Amino acid sequence: MSDAESRQAFHRPHTFSGPVAHIARTVTSLSPLLPYEFVKDPHKQQRWARIAIITATGVEQTLWAMKVQRQNHEREDRGR
């Protein structure tokens, strides 16, 4: 068996999760920087940066959970 024959067929790439997910990831990764641009008080800047980080983490986890749930439903549908 040649090397090309032993490779797994690649029908649906799992690296592409859609432009909406890409934009959401970009926004959530940049969100901790926003308080430093818009809030002048240093103590409030840090507080809002922490809030932004926690919110971004929640959004990322929700997107991931939705993706896994969708994949599980697809897998169940294929099994029927």
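Residues numbered from 1 in each chain as written. Predicted model: local features only at pLDDT ≥ 70, side-chain atom pairs only at ≥ 80, totals over all residues. Heavy atoms only, no water.

Caption draft 1: How the structure looks around a nonpolar patch on the surface. A cluster of nonpolar residues, Val59, Leu63 and Met66, forms a patch on the protein surface that exposes about 230 Å² of accessible area. The exposure class of Val59 is partly exposed, given its relative accessible area of 34%. (Patch = residues over 30% accessible without salt bridge, like charges linked within 9 Å, V, L, I, M, F, W, Y side chains within 5 Å. Areas by Shrake-Rupley, 256 points an atom, 1.4 Å probe, with all protein chains shown as cover. Salt bridge = Lys/Arg side-chain N within 4 Å of Asp/Glu carboxyl O. Buried < 20%, exposed > 50% of the residue type's maximum accessible area, 1.4 Å probe, protein only.)

Caption draft 2: Main features of helix H4 (residues 42-79). When the terminal C-alpha atoms of H4 are compared, their 55 Å separation across 38 residues agrees well with the 56 Å that a helix rising 1.5 Å per residue should span. Of the positions making up H4, those classed as buried are Gln45, Ala49, Ala52, Ala56 and Lys67. (Helix = DSSP H or I, 4+ residues; strand = E, 2+ residues; numbered from the N terminus. Expected span 1.5 Å × (residues − 1).)

Caption draft 3: Quick peek at the pattern of salt bridges. Inspection of every chain in the model, using the stated rule, returns 1 salt bridge. Ionic pairing is found between Arg70 and Glu74, a salt bridge with its closest N-O pair at 3.9 Å. Residue Arg70 and its partner Glu74 are located together in helix H4, separated by 4 residues, close to a single helical turn.

Caption draft 4: Inspection of helix H2 (residues 19-30) at higher detail. Given a rise of 1.5 Å per residue, 12 residues ought to cover 16 Å, and the 17 Å separating the end C-alpha atoms of H2 matches this to within 8%. At its buried positions, H2 is contacted by H4. (Contact = heavy atoms within 4.5 Å.)

Caption draft 5: Representation of the packing of aromatic side chains within the structure. A full pass over the atoms with the stated rule returns 0 aromatic pairs. The ring of Trp48 has Arg47 sitting right over it, with the charged end atom 5.6 Å from the ring centre. (Phe/Tyr/Trp six-rings, centres within 6.5 Å; stacked < 30°, edge-to-face > 60°. Lys NZ or Arg CZ within 6 Å of the ring centre and 35° of its normal.)

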